[in-house]
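Report on the structure
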Amino acid sequence: MPVKIRLQRHGKKGKPYYWIVAADSRSKRDGKYLEKLGAYNPNTNPATIELDVDGAVKWMQNGAQPTDTAKAILSYKGAMLKKHLAGGVSKGALTEEQAEAKFNAWLEEKSAKIQAKADGLSKADADAKAKALEAEKAVNEARIAAAAPVVEEEEVAEEATTEETTASNEEE
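Residues numbered from 1 in each chain as written. Predicted model: local features only at pLDDT ≥ 70, side-chain atom pairs only at ≥ 80, totals over all residues. Heavy atoms only, no water.

1. Section: the pairing of strand E1 (residues 3-12)
Keep this limit in mind: Here, strands pair whenever DSSP counts at least two bridges between them. Strands here are runs of E lasting at least two residues and helices are runs of H or I lasting at least four, both read from the DSSP assignment and numbered beginning at the N terminus.
Examined bridge by bridge, E1 and strand E2 (residues 15-24) share ten bridges and lie antiparallel to one another. Across the sheet, lysine 4 pairs through a bridge with alanine 23, a residue of E2.

Next comes the structure, spelled out in structure tokens:
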């Protein structure tokens, strides 16, 4: 029974949400699966990925083949690296502690990159809001400036009519 690690689609039309599953390669895309390994939500920025790394490594060591998209997700979360390091431990090139230290160092570096991207996105969002607020203030000031001369012209016209009436009263 050939096993694949693949995505199983869920969610509404136009709003996909995927489960990462280990399934028989002959089963349907959204059909029966052997084990749910995680979830992938591409609708958020950055995409949200929840993955049981140890479970994925166990399946890959037992011969499961990830699909291209699943392989990219597994690589992003470090499951491929952990499998590689486990292979090194089994061959005697590394000790378990060295492999765990390398994996934890990689995880910290990866989380720093993800946090930097999230901070950059929030900063860009804040800049866009500030720019929109400045544009709105400029539009409001333009409206006030456009409305102000109309009031002054009316006052000037009223003054002129009061001067004419006083002049006509003085003539009489």
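From this point, things continue past the structure.
2. Digging into the pairing of strand E3 (residues 35-41)
Counted only if it meets this: Here the term buried applies to any residue with accessible area under 20% of the maximum for its type, exposed to any over 50%, and partly exposed to those in between, with areas from a 1.4 Å probe on protein chains only.
Most of E3 is tucked away: five of the seven residues are buried. In this structure, E2 lies alongside E3, joined through five bridges in antiparallel fashion. Bridging from a neighbouring strand, valine 21 pairs with lysine 36 of E3. Where E3 hands over to strand E4 (residues 48-51), the hairpin turn is made up of six residues, counted between the paired strands.

3. Topic: the sheet that holds E4
Ordered in space as E4-E3-E2-E1-E5, the five strands form an open sheet in which the pairing is mixed. In the strand order of this sheet, the two ends are held by E4 and strand E5 (65-66), each with one partner.

4. Quick word on helix H3 (residues 79-91)
One full turn of an α-helix is made of 3.6 residues, so residues set three or four places apart face in the same direction. Under the convention used in this document: The span you would expect from a helix comes to 1.5 Å times its residue count less one.
Helix length check: H3, at 13 residues, gives a terminal C-alpha distance of 18 Å against a target of 18 Å (1.5 Å per residue), a fit within 8%. Along H3, the positions that sit buried rather than exposed are Ala79, Lys82, Leu85 and Gly88.

5. Describing helix H2 (residues 68-77)
What counts here: Each C-beta atom gives one direction from the helix axis, and the arc is the one those directions make.
Buried within H2 are the following residues: Ala70, Ile73 and Leu74. For H2, the buried positions fall inside an angular range of 100 degrees around the axis, keeping them on one side.

6. A look at the environment of glutamate 96
Summarising the element assignment, glutamate 96 is placed in helix H4 (residues 96-171). Spatially, the C-alpha atom of glutamate 96 lies 8.8 Å from that of leucine 85, the residues being eleven residues apart in sequence.

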